[in-house]
Amino acid sequence: SGISLALRVGYALPMGESSKGVKMSDSGYKAAIPFTFDAIYKFSPSLGAGIYASYASVTLNKDKTSADSASWLKYGAQLRYYTGDLFLGYGIGVEKVTLKYSGGEGSVSGLELAHLIAGYNFYNADKLKVGAFGDFSYGQYSKIEAGGASADITDKAAHQWLYLGINGQYDL
């Protein structure tokens, strides 16, 4: 038992639709470079619960959007299961993608309904662990904001991000 702090970095690809009939790629999303922080309280050597927060720079397809840049912010709660050097997790949270234009900014936001993670620590010292992970999130944008106004997205659809990378964890 105790607290584990982790930092994850990798590469993420968008999938699904940002709204009904509009693919994430047609919205201009190309890929993302996320940095994710996890804080987990381990109730036992095999079970823990905690929080996550993620920030990413989103690369854009300039043929599909007039935005100059984009970023995401995600945060939520998660459960983790550990067995040896393998870890599995499930989380739920919120997601917001902010798009910056020459004349201002806009955003879409909504729930991250499922945040699934699996990883394997290939280096395991006393308190330090380093490994690889895969992270799959499933969400739905429900609100759009631009120019000081906001509106609900009526034709909601499911979108996903597949995030692969490296994980460093330190057990306090």
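Description of the structure in this document. In this text, all values refer to a predicted model and were calculated from it rather than measured experimentally.

Structural notes on the overall build of the protein
And then number 1: What the protein contains, in helices and strands, is zero helices and 10 strands.
And then number 2: In sequence order, the secondary structure elements of the protein are arranged as β-β-β-β-β-β-β-β-β-β.
And then number 3: In terms of its C-alpha atoms, the protein occupies a principal-axis envelope of roughly 50 × 25 × 25 Å.
And then number 4: Taking all 172 residues of the protein together, 43% fall into the buried category.
And then number 5: For the protein, long-range pairs separated by at least 24 residues make up 61% of all intrachain contacts whose partners lie at least 6 apart in sequence.
And then number 6: On the protein, roughly 8,700 Å² of surface is accessible, and the fraction owed to carbon and sulfur atoms is 63%.
And then number 7: The positive charge centre, built from 15 side chains, and the negative charge centre, built from 15, are 1 Å apart in the protein.

Let's talk about the pattern of salt bridges
And then number 1: Tallied over the entire structure, the rule returns six salt bridges.
And then number 2: For Asp 171, the salt bridge identified is with Lys 129, shortest N-O distance 2.5 Å. With Asp 171 in strand E10 (residues 159–171) and Lys 129 in strand E8 (residues 128–146), this pair connects stretches of sequence that are 42 residues apart.
And then number 3: A relative accessible area of 11% means that Lys 129 is categorised as buried.
And then number 4: Salt bridges sharing common partners tie together Arg 8, Asp 38, Arg 80 and Asp 135.

Here we look at the environment of Leu 7
And then number 1: Residue position: Leu 7 is located in strand E1 (residues 2–19).
And then number 2: Placed 160 residues apart in sequence, Leu 7 and Asn 167 show a C-alpha to C-alpha distance of 5.9 Å.
And then number 3: If near-sequence neighbours (up to four positions away) are discounted, Leu 7 is found in contact with Thr 36, Ile 166, Asn 167 and Gly 168.

Some remarks on the pairing of strand E7 (residues 104–124)
And then number 1: Pairing geometry for strand E6 (residues 86–101) and E7, over 15 bridges, is antiparallel. Bridge pairing in E7 places Gly 91 opposite His 115.
And then number 2: As consecutive antiparallel partners, E6 and E7 are separated by two residues.
And then number 3: Alignment of E7 against E8, held across 17 bridges, turns out to be antiparallel. Bridging from a neighbouring strand, His 115 pairs with Ser 137 of E8.

Here we look at the environment of Ser 109
And then number 1: Mapped onto the elements, Ser 109 comes out in strand E7.
And then number 2: For the pair Ser 109 and Gly 89, spaced 20 residues apart in sequence, the C-alpha to C-alpha distance is 23 Å.
And then number 3: When near neighbours in sequence (up to four residues on either side) are disregarded, Ser 109 contacts Glu 95, Lys 96, Gln 140, Tyr 141, Ser 142 and Lys 143.

Quick look at the packing of aromatic side chains
And then number 1: In the structure shown here, the tally under the stated rule is five aromatic pairs.
And then number 2: A ring pair is formed by Trp 72 and Trp 161, whose centres lie 4.7 Å apart and whose planes are at 70°; its orientation type is edge-to-face. Separated by 89 residues along the polypeptide, Trp 72 in strand E5 (residues 69–83) and Trp 161 in strand E10 bring together distant segments of the chain. For the pair Trp 72 and Trp 161, one class covers both residues: buried.

Comments concerning the nonpolar core
And then number 1: Grouped together as the largest cluster of nonpolar side chains are 22 residues, with contacts concentrated most on Tyr 29, Ala 32, Val 58, Leu 60, Trp 72, Tyr 141 and Trp 161.
And then number 2: Only strand E3 (29–42), strand E4 (47–60), E5, E6, E7, E8 and E10 provide two or more residues apiece to this core.

Comments concerning the pairing of E6
And then number 1: Bridge count between E5 and E6: 15 bridges; the pairing is antiparallel. Residue pairing for E6: Tyr 81 is matched across the bridge by Leu 88.
And then number 2: Joining the antiparallel neighbours E5 and E6 is a turn of two residues, in which Gly 84 adopts a positive phi near 60°.

Scoring rules and cut-offs
- Residues numbered from 1 in each chain as written.
- Predicted model: local features only at pLDDT ≥ 70, side-chain atom pairs only at ≥ 80, totals over all residues.
- Heavy atoms only, no water.
- Helix = DSSP H or I, 4+ residues; strand = E, 2+ residues; numbered from the N terminus.
- Buried < 20%, exposed > 50% of the residue type's maximum accessible area, 1.4 Å probe, protein only.
- Contact = heavy atoms within 4.5 Å.
- Areas by Shrake-Rupley, 256 points an atom, 1.4 Å probe, with all protein chains shown as cover.
- Lys, Arg positive; Asp, Glu negative; His and termini not counted.
- Charge placed at Lys NZ, Arg CZ, Asp CG, Glu CD.
- Salt bridge = Lys/Arg side-chain N within 4 Å of Asp/Glu carboxyl O.
- Pairing = 2+ DSSP bridges.
- Phe/Tyr/Trp six-rings, centres within 6.5 Å; stacked < 30°, edge-to-face > 60°.
- Core = buried A, V, L, I, M, F, W, Y, C linked by side-chain atoms within 4.5 Å.

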